[in-house]
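As a plain string of letters, each chain reads:
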Amino acid sequence: HRRFDYRPKTDPYCQARYTFCPTGSAIPVMKEEDVIEVYRLQAPVWEFKYGDLLGHLKIMHDAVGFKSSLTGKNYTMEWYELFQLGNCTFPHLRPGMDAPFWCNQGAACFYEGIDDTHWKENGTLVLVTTISGTMFNEMAKWVKYDNETGIYYETWTVQASPDKHSVVWFDSYECSKFILRTYQKLADLGAVFKKIQTNYTSIILFSGEPIYLGNETSIFGPLGNKTLAAAIRDFYYPFKPHRTVREFFVDLLKIIDRVILNGQFYLFYNLEYWFLPMKFPYLKIIYEEVPLPIGSKTSIGV
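As recorded in an unreviewed UniProt entry, the protein chain goes by Bis(monoacylglycero)phosphate synthase CLN5 and comes from Sula dactylatra. You can read under Sequence similarities (unreviewed entry) in the UniProt record for the protein chain the words "Belongs to the CLN5 family."

Undergrad: Let's hear about the pattern of salt bridges: which residues, and what values?
TA: Scanning the model with the defined rule gives 10 salt bridges in all. For the salt bridge of Glu138 with Lys141, the shortest nitrogen-to-oxygen distance reads 3.1 Å. Of this pair, Glu138 and Lys141 are both found in helix H4 (residues 133-149), three residues apart, which corresponds to roughly one turn of the helix. The exposure class of Glu138 is partly exposed, given its relative accessible area of 34%. Its salt-bridge partner being Asp146, residue Arg181 comes within 3.0 Å of it at the nearest N-O pair. Within this pair, whereas Arg181 is found in helix H5 (residues 175-189), its partner Asp146 is found in helix H4, the two being separated by 35 residues in sequence. Given a relative accessible area of 0%, Asp146 falls into the buried group. Among the charged side chains, a network of salt bridges with common partners joins Arg3, Asp146 and Arg181.

Undergrad: Please set out a nonpolar patch on the surface residue by residue, giving values where relevant.
TA: Nonpolar side chains collect at one region of the surface, where Val245, Phe248, Phe249, Leu252, Leu253, Ile256, Ile260 and Leu261 lie side by side and expose about 750 Å² of accessible area between them. With respect to the helices and strands, Phe249 occurs in helix H8 (residues 245-261).

Undergrad: Summarise H5; cite the residues concerned and give the values.
TA: In a regular helix each residue adds 1.5 Å, so 15 residues correspond to 21 Å; H5 covers 21 Å between its end C-alpha atoms and thus fits that length. Cys175, Ser176, Lys177, Phe178, Ile179, Arg181, Thr182, Tyr183, Leu186, Ala187 and Leu189 are the residues of H5 that are buried. Note on H5: the residue one or two positions beyond its end, Gly190, has a positive phi of about 120 degrees.

Undergrad: Before we move on, can you summarise the packing of aromatic side chains with the specific residues and values?
TA: Following the criterion strictly, the structure yields 27 aromatic pairs and no others. Here Tyr212 and Trp274 contribute two aromatic rings whose centre-to-centre distance is 5.1 Å and whose plane-to-plane angle is 65 degrees, an arrangement assigned as edge-to-face. Residue Tyr212 is found in strand E9 (residues 211-215), and its partner Trp274 is found in strand E11 (residues 272-289); the two are separated by 62 residues along the sequence. For Tyr212, a relative accessible area of 42% puts it in the partly exposed group.

Undergrad: Lay out the environment of Thr124 with the relevant residues and their values.
TA: Tracing the backbone through its elements, the reader meets Thr124 in strand E5 (residues 124-132). Along the sequence, Thr124 and Phe193 sit 69 residues apart, while their C-alpha atoms lie 16 Å from each other. Leaving out residues up to four positions away in the same chain, Thr124 has contacts with Arg40, Leu41, Gln42 and Trp119.

Undergrad: So what's going on with helix H7 (residues 226-236)? Which residues, and what values?
TA: For H7, the full list of buried residues reads Leu228, Ala229, Ile232, Phe235 and Tyr236. All buried residues of H7 project into a common sector of 130 degrees when viewed along the axis, lining one side. Away from its buried face, by an angle of more than 90 degrees, H7 presents the exposed residues Lys226 and Thr227. On its buried face, H7 sits against E9, helix H6 (216-220), H8, strand E10 (264-269) and E11. In this structure Asn225 caps H7, since a side-chain oxygen of it lies 3.2 Å from the backbone nitrogen of Thr227.

Undergrad: Describe the domain arrangement of the protein chain, with residues and values.
TA: Each assigned domain of the protein chain is listed here: domain 1 (35-201) and domain 2 (211-280). When each unit is reduced to the centre of its C-alpha atoms, the spacing between domain 1 and domain 2 is 28 Å. Contact residues are listed per partner, giving 16 residues for domain 1 and 16 residues for domain 2. When the area that domain 1 buries against domain 2 is broken down by residue, the three leading residues are Phe90, Leu93 and Phe170, summing to 34%. On inspection of domain 1 and its partner domain 2, the count reaches zero salt bridges. Run the count over domain 1 and domain 2 and you get five residue pairs in polar contact (both at pLDDT 80 or more). The class makeup of the residues in the side of domain 1 that touches domain 2 is 12 nonpolar, one polar and three charged.

Each value, and the rule that gives it
Residues numbered from 1 in each chain as written. Predicted model: local features only at pLDDT ≥ 70, side-chain atom pairs only at ≥ 80, totals over all residues. Heavy atoms only, no water. UniProt positions renumbered as here; feature names shortened; annotations may be inferred. Salt bridge = Lys/Arg side-chain N within 4 Å of Asp/Glu carboxyl O. Helix = DSSP H or I, 4+ residues; strand = E, 2+ residues; numbered from the N terminus. Buried < 20%, exposed > 50% of the residue type's maximum accessible area, 1.4 Å probe, protein only. Patch = residues over 30% accessible without salt bridge, like charges linked within 9 Å, V, L, I, M, F, W, Y side chains within 5 Å. Areas by Shrake-Rupley, 256 points an atom, 1.4 Å probe, with all protein chains shown as cover. Expected span 1.5 Å × (residues − 1). Phe/Tyr/Trp six-rings, centres within 6.5 Å; stacked < 30°, edge-to-face > 60°. Contact = heavy atoms within 4.5 Å. Arc of directions from axis to C-beta. Polar contact = N/O pair within 3.5 Å; in protein donor to acceptor, adjacent residues only side chain to side chain. Domains from an automatic or database assignment. Buried area = accessible area lost by both parts, 1.4 Å probe. Nonpolar A, V, L, I, M, F, W, Y, C, P; charged D, E, K, R; others polar.

As structure tokens, this is what we get:
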């Protein structure tokens with residue numbers, strides 16, 4: 001996943017149904033001698049609206065919690081879409097614009113407090129390590145860098161087969177990947193993690209070797225490939241928001257025909273388009289273990 005030099009301003013066209021990080025605050029500077037508990041937080045996606053519904057499908061959202069022993073204050077840190085998952089996964093086809101229009105930025109959100117009920121009721125709230133104030137402050141600097149340079153949400157992992165050691169063509173870039181990066185940074189700073197099982201959700205597309213198609217300018221620009229541009233727009237059209245149940249099922253049949261019967265998928269990744277020759281089992285949601293990291297330093301001051 002490519003890193004960028006800066007985060008672009010979002011277009012006013014991109015609107016969120018739910019405000020991004022509504023109670024967000026700056027990450028505080030902790031006293032060096034502070035001892036801070038670090039918690040693994042996980043709950044079903046959209047738990048606040050649908051309860052445990054998506055938890056049954058193991059579609060989970062991840063976050064990390066902190067508790068300062070000096071102040072007693074709790075904090076939550078997570079990374080998610082600025083404009084909800086649908087906008088990050090599929091573009092808008094706007095009238096008068098040839099190229100699909102993406103609202104696919106993601107970002108870190110930090111706020112005071114841990115909503116115990118939200119994480120415990122259908123998910124996980126468990127202590128994974130303890131760090132010093134110094135380590136927390138170093139992590140905060142890294143979060144700023146990570147947030148300013150890793151700016152686009154990517155829903156899909158794309159790999160060659162369901163085999164555990166299969167080739168991964170594209171890796172996702174979503175909430176769980178941010179948490180895994182955060183844990184690794186803490187481990188590198190000296191955090192020693194407990195030996196507990198930690199699982200994460202991945203949504204995987206299965207494809208033969210991807211074919212590079214080009215970027216927005218080379219495909220949709222004045223000298224672009226009009227046939228390819230039309231094919232990409234046609235592919236994304238059925239994924240639009242639906243106003244009626246009938247419209248949804250008509251478009252669902254089109255998606256099944258295109259992706260499964262004809263084995264076609266167009267992926268937008270790092271601002272470039274790729275063609276995926278899809279193959280069985282086409283799509284799978286997995287909830288697999290990723291062990292907590294082992295650091296490269298000895299923990300100091302905890």
